[in-house]
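# Secondary and tertiary structure notes
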2 protein chains.
Amino acid sequence: MTWAVISTWKMSWKGCTLAADLLRQGLRGSEAVIRGIQDVEDNPEFRSVGYGGLPDEEGRVLLDGAFMNGDSLHFGAVAAMEGFRSPIAVAHSLAKYDFNNFLAGKGAEKYAAENGFERRNNLTEESRAIYEKKRGESQSLSAYDGHDTVCFAVLDQMGSMYTGVSTSGLFLKKCGRVGDSPVAGSGFYADSRLGAACATGVGEEIMKGVLSYNALRNLKAGMSPQEAAETAVSELSETLIQRNGKARSMSLILLDNRGNFGVGTNIRFPFVYAAETSSSTLYLAEAENGRCRITPVEDKDSLDID
Amino acid sequence: MTWAVISTWKMSWKGCTLAADLLRQGLRGSEAVIRGIQDVEDNPEFRSVGYGGLPDEEGRVLLDGAFMNGDSLHFGAVAAMEGFRSPIAVAHSLAKYDFNNFLAGKGAEKYAAENGFERRNNLTEESRAIYEKKRGESQSLSAYDGHDTVCFAVLDQMGSMYTGVSTSGLFLKKCGRVGDSPVAGSGFYADSRLGAACATGVGEEIMKGVLSYNALRNLKAGMSPQEAAETAVSELSETLIQRNGKARSMSLILLDNRGNFGVGTNIRFPFVYAAETSSSTLYLAEAENGRCRITPVEDKDSLDID
């Protein structure tokens, strides 16, 4: 049977290639999602996820993550969790329960500690230096850079679909801020009979349109994966401009249940896709009149966005 | 112009009648939502909301709440907040920002303290006694009683729609557990050009189907309010039974943008509705072959569900 994986940002290249290897071997999609995301969580060069993530207003790295099983619709999610290596691993573990799947703050940390998850101080010297420098600058600066969530959506050879997301959230976010990433329907959604989708960008905008679920409803209504994804983003973007004068950045990746992908964005947004019939490829998506122009990137090093 | 309000459970009767009075006078729907919900938050007889709410596994009353403005799609939400009187008031206050709209745990408490929100120990002697008794009982008991969220959806005379929700969440929930109530799309959603919906029941099930937003997408697809609500609940309920062998309790209230209501439920579920053309009425909704039978309750005191 066919398999496919799609992931957000150039930073997921290595993780996506690893996930593709696992899917090719016939492993479960849950394993591919977790291993792919952990590759990004563990890399201190990526400032928006896991180790080396950028801190909140108090200088602490608080992480969000979520995992969803598209067979059972069970999900697990953590928000504002400090001091552990892998939000995606904790979120995956929470997905096995019938209650208490979404834990925030001290509760998430208590669960992670009680269940033996690896501890880690995720604040690196480099992230601390960026924080100190930004705090010293003028208040008129936009504090909201680096809000780039790693998202994976997969279809495995058993026909099961999964999504996973992991992020340190908005740079200089308020203490306890919950973005879209751990929020089912906004940051992620998976239903093996339909498709899987996940989002990156400014969480507060993504939640205003319940973006991931919205895209899957478009798919259910008969749109192609590409139409479903780009319509979800462009409609929300237009709605926010009409009502609030502005729409902040948002991007969405989607797989249908046959492994075809769709992508929507209102910025320049790189993503990675691999499937049975297609080796790992980096693409650049660009917004263009409410549609999305997608081009393969031949030379990864030439792309100026992580 | 017309106005309407719908609210969950018999416990919202007084608050709904108060909200209807405010809407009749031409006040903003946001005011009606907040005042209606606060009437329930402040009443210690209701064990699932605010003062007198049932505690978590550690014996602490941690509250969730959310507010959404259907004109701008801005929302505010708090999760696992301890020691303050009114989650709906804090959530409403958070809805005015462009970032950091959803705060959990210590972060929510810090925001509420800094912004002068009234403090209150919400653990009453009665709730503590129920907690101590339940803890002393066999583990085989279902700990998940009293998960009844107060939800309001309104249309005001200016044509604006709002939703608000408030709850103490699952009795004996894990520390830091986030239910559907503060989760946009699942516990609540409002879009003044379409409708407003909110949900009560087992949050972990409601989030699996992004229930409130799902119902509004049904409305957008051309269903009547009643079809939209009952189809959302019955489809999710059937899906969960097919995939997991069981669907736990969930109920949904909905208004379209002309003030017509729809309700879906898989249990016996009372709600209250008032509108320009209809004084406050208590109804009982009952699941029946995937549909929902709705009957007015003449004698409120005769109804055995709060």
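Given the structure is predicted, the values throughout are model-derived calculations rather than measurements.

## Topic: the confidence of the model for chain A
Per-residue confidence for chain A averages 94 on the pLDDT scale, and 97% of its residues sit at or above 70. Listed scores for the predicted complex are pTM 0.97 and ipTM 0.97.

## Structural notes on the relation of the copies chain B and chain A
One chain copy maps onto the other through a rotation about an axis and a shift parallel to that axis. Placing chain B over chain A gives an RMSD of 0.0 Å and needs a rotation angle of 180 degrees, together with 0.0 Å of translation along the axis. In short, the pair behaves as if placed about a two-fold rotation axis. Same-surface contact between copies: 100% of interface residues of chain B are shared with the interface of chain A.

## Some thoughts on the nonpolar core
Counting residues in hydrophobic clusters, the biggest one holds 168 residues, and the most contacted among them are Val5(A) and Val5(B). With sequence-adjacent residues up to four places away left out, Val5(A) is seen in contact with Cys16(A), Ala19(A), Ala20(A), Leu23(A), Phe152(A), Ala153(A), Val154(A), Leu255(A), Val272(A), Tyr273(A) and Ala274(A).

## Notes on the sheet that holds strand S8 (residues 195–201) of chain B
All names here are of chain B. Here four strands make up an open sheet; going across it, the order is S7-S8-S9-S10 and the pairing antiparallel. Since the sheet does not close on itself, it has two edges, and those belong to strand S7 (188–191) and strand S10 (261–265), each with one partner. Between one strand axis and the next, the sheet turns by 10 degrees as a mean value, whatever way the strands run. Relative to strand S9 (residues 250–256), S8 is paired through seven bridges, and the arrangement is antiparallel. Residue Cys 198 lies in a different strand from S9, and its bridge partner there is Ile 253. The strands touched by helix H8 (residues 225–244) are S9 and S10; relative to S10, the strand with the most contacts, the crossing angle is about 15 degrees.

## Digging into the packing of aromatic side chains
Residues and elements named next belong to chain A. Here the structure, examined in full by the defined rule, presents 22 aromatic pairs over all chains. Their ring planes at 85 degrees and their centres at 6.1 Å tell us that Tyr 97 and Tyr 111 sit as a pair that is edge-to-face. Of this pair, Tyr 97 sits in the loop between helix H3 (87–94) and strand S4 (102–104) while Tyr 111 sits in helix H4 (residues 105–114), and the two are 14 residues apart along the sequence. With relative accessibility at 29%, the residue Tyr 97 sits in the partly exposed group.

## A look at the side chain of Asn122(A)
Topologically, Asn122(A) is positioned in the loop between H4 and helix H5 (125–136). Excluding anything up to four places from it in sequence, Asn122(A) contacts Gly50(A), Tyr51(A), Gly52(A), Gly53(A), Val61(A), Leu63(A), Gly83(A), Phe84(A) and Arg85(A).

## Re the packing of helix H7 (residues 211–220) of chain A against helix H7 (residues 211–220) of chain B
Between H7(A) and H7(B), whose axes approach to 11 Å, the crossing angle comes to 40 degrees. Our pair here, H7(A) against H7(B), has a crossing hand that is right-handed. Residue-level inspection shows Tyr213(A), Asn214(A), Arg217(A) and Asn218(A) of H7(A) in contact with H7(B), the latter providing Tyr213(B), Asn214(B), Arg217(B) and Asn218(B). Its residues assigned to classes, the contact of H7(A) with H7(B) comprises two nonpolar, four polar and two charged.

## So, the pairing of strand S9 (residues 250–256) of chain A
Residue and element names in this part refer to chain A. With seven of its seven residues buried, S9 lies for the most part within the structure. A two-sided burial pattern is seen for S9, the buried positions comprising Met 250, Leu 252, Leu 254 and Asp 256 on one face and Ser 251, Ile 253 and Leu 255 on the other. Where S9 folds back on strand S10 (residues 261–265), the antiparallel hairpin that results is connected by four residues, among which Gly 259 adopts a positive phi of roughly 95 degrees.

## Describing the sheet that holds strand S6 (residues 161–167) of chain A
All names here are of chain A. One open sheet accounts for nine strands, arranged S4-S3-S2-S6-S5-S1-S11-S12-S13; its pairing is mixed. At either end of the open sheet lies a strand with only one pairing partner, and these are S4 and strand S13 (291–296). Averaged over all pairs of adjacent strands, the angle between strand axes in this sheet comes to 15 degrees, irrespective of strand direction. Judged from the five bridges that link them, strand S2 (residues 63–69) and strand S3 (residues 75–81) form a sheet pairing that is antiparallel. Bridge pairing in S3 places Leu 63 opposite Met 81.

## Section: the interface of chain B and chain A
Between chain B and chain A, the contact holds 53 residues from the first and 53 residues from the second. Summed over both partners, the interface of chain B with chain A buries about 4,500 Å², with 55% contributed by carbon and sulfur atoms. The largest contributions to the chain B side of the interface with chain A come from Phe99(B), Lys208(B) and Arg243(B), which together make up 16% of the buried area. Where chain B touches chain A, the interface holds 10 salt bridges. Between Lys110(B) and Glu57(A) there is a salt bridge; the shortest N-O distance is 3.1 Å. If you look at where chain B meets chain A, you find 32 residue pairs in polar contact (both at pLDDT 80 or more). Secondary-structure elements contributing two or more residues to the side of chain B that touches chain A are strand S4 (102–104), helix H4 (105–114), S7, helix H6 (203–208), H7 and H8 of chain B. The dominant element in the side of chain B that touches chain A, judged by the number of residues it contributes, is H8(B), at six residues. When the residues that make up the side of chain B that touches chain A are grouped by side-chain class, the tally is 19 nonpolar, 16 polar and 18 charged.

## Points about the state of the cysteines
The final tally for this structure, using the stated rule, is zero disulfides over all chains. The thiol of Cys175(B) is not disulfide-bonded; the next cysteine sulfur, from Cys175(A), is found 14 Å away. Residue Cys175(B) is classed as buried on the basis of its relative accessible area of 8%.

## Regarding helix H2 (residues 29–41) of chain A
Residue and element names in this part refer to chain A. Here H2 spans 18 Å end to end across 13 residues, near enough to the 18 Å set by a 1.5 Å rise per residue. Burial analysis of H2 places 11 of its 13 residues in the buried class, which makes it a mostly covered element. The set of residues buried in H2 consists of Gly 29, Ser 30, Ala 32, Val 33, Ile 34, Gly 36, Ile 37, Gln 38, Asp 39, Val 40 and Glu 41. Taken together, the buried residues of H2 touch helix H1 (13–24), S2, H3, strand S5 (150–155) and S6.

What counts as what
Residues numbered from 1 in each chain as written. Chains lettered and ligands numbered in written order. Predicted model: local features only at pLDDT ≥ 70, side-chain atom pairs only at ≥ 80, totals over all residues. Heavy atoms only, no water. pLDDT = per-residue confidence, 0-100. Least-squares fit on C-alpha atoms with pLDDT ≥ 70 in both. Contact = heavy atoms within 4.5 Å. Core = buried A, V, L, I, M, F, W, Y, C linked by side-chain atoms within 4.5 Å. Buried < 20%, exposed > 50% of the residue type's maximum accessible area, 1.4 Å probe, protein only. Pairing = 2+ DSSP bridges. Helix = DSSP H or I, 4+ residues; strand = E, 2+ residues; numbered from the N terminus. Axes fitted to C-alpha atoms, helices over the stretch in contact; angles between N-to-C directions. Phe/Tyr/Trp six-rings, centres within 6.5 Å; stacked < 30°, edge-to-face > 60°. Left-handed = near helix turned anticlockwise from the far one by under 90°. Nonpolar A, V, L, I, M, F, W, Y, C, P; charged D, E, K, R; others polar. Buried area = accessible area lost by both parts, 1.4 Å probe. Salt bridge = Lys/Arg side-chain N within 4 Å of Asp/Glu carboxyl O. Polar contact = N/O pair within 3.5 Å; in protein donor to acceptor, adjacent residues only side chain to side chain. Disulfide = S-S within 2.5 Å. Expected span 1.5 Å × (residues − 1).

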